[in-house]
Amino acid sequence: MIAFLSTSLGRWLVGALATVLLLVGVYVLADHRGYQRAATAYTAQIAQMKADAATARADEIERQDAANNAAKAAEAASIAQMQADNESLQNKIEELQREADQDPNAGRVVLDAPSVRRINQVR
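Residues numbered from 1 in each chain as written. Predicted model: local features only at pLDDT ≥ 70, side-chain atom pairs only at ≥ 80, totals over all residues. Heavy atoms only, no water.

Asks: Honestly, the pattern of salt bridges in this entry has me stumped. Any pointers?
Replies: When charged atoms on two side chains of opposite charge get close, those side chains can pair. Scanning the model with the defined rule gives two salt bridges in all. When the shortest N-O distance is used, the salt bridge between Glu-60 and Arg-63 registers 2.6 Å. Separated by three residues within a single helix, Glu-60 and Arg-63 lie in helix H2 (residues 8-102), roughly one turn from each other. Overall, Glu-60 belongs to the partly exposed group, its relative accessible area being 32%. (Salt bridge = Lys/Arg side-chain N within 4 Å of Asp/Glu carboxyl O. Helix = DSSP H or I, 4+ residues; strand = E, 2+ residues; numbered from the N terminus. Buried < 20%, exposed > 50% of the residue type's maximum accessible area, 1.4 Å probe, protein only.)

Shown next as structure tokens:
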């Protein structure tokens, strides 16, 4: 084997093999460093995306809470208005019922003017 390496062909093969190994080593080193740079860049990019998503989620939750609170307030106002209208209507019904009970012509077949007025008020 030593005799082969001392020939010109052997020296050329050893030189070519050393060159190939050197080139492979340089490529592996450069590829590793490039991979590390890309991994660092993408790790930072992913961290930024996660932070942006967390901020967007918090903003959306806050927006939904504000919308829900506004809807609850509007619904409470609507319910209060409906209760006031209902109370007013109940008072009106009681008043008309009292007037109907006090009407001396309540048992007649024909309606007189006060009875017609009471009926029109119900409409």
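Asks: Before we go on, may I ask you to explain H2 in this structure?
Replies: For an α-helix the count is 3.6 residues per turn, leaving residues at separations of three or four pointing the same way. The first and last C-alpha atoms of H2 sit 137 Å apart over 95 residues, in line with the 141 Å expected at 1.5 Å per residue. If you check which residues of H2 are buried, you get Gly-10, Leu-96 and Glu-99. (Expected span 1.5 Å × (residues − 1).)

Asks: I keep staring at a nonpolar patch on the surface and nothing clicks. Help me out?
Replies: A surface patch of nonpolar side chains, amounting to about 430 Å² of accessible area, comprises Phe-4, Leu-9, Trp-12 and Leu-13. Tallying contributions element by element places H2 first for the nonpolar patch, with three residues. Residue position: Leu-13 is located in helix H2. For Leu-13, a relative accessible area of 38% corresponds to the partly exposed category. (Patch = residues over 30% accessible without salt bridge, like charges linked within 9 Å, V, L, I, M, F, W, Y side chains within 5 Å. Areas by Shrake-Rupley, 256 points an atom, 1.4 Å probe, with all protein chains shown as cover.)

Asks: Explanation requested: the packing of H2 against helix H3 (residues 113-122) in the structure shown.
Replies: Pairs of packed helices are described in terms of their axes, by the angle between the two and the distance that separates them. Closest axis-to-axis distance for the H2/H3 pair is 11 Å, and the angle between their directions is 165°. Judged by the angle between their axes, H2 and H3 are roughly antiparallel. For H2 against H3, the interelement crossing comes out left-handed. The segment H2 lies against H3, with Lys-92, Leu-96, Glu-99 and Ala-100 engaging Arg-117, Arg-118, Gln-121 and Val-122. (Axes fitted to C-alpha atoms, helices over the stretch in contact; angles between N-to-C directions. Parallel < 35°, antiparallel > 145°, perpendicular 65-115°, else oblique. Left-handed = near helix turned anticlockwise from the far one by under 90°. Contact = heavy atoms within 4.5 Å.)

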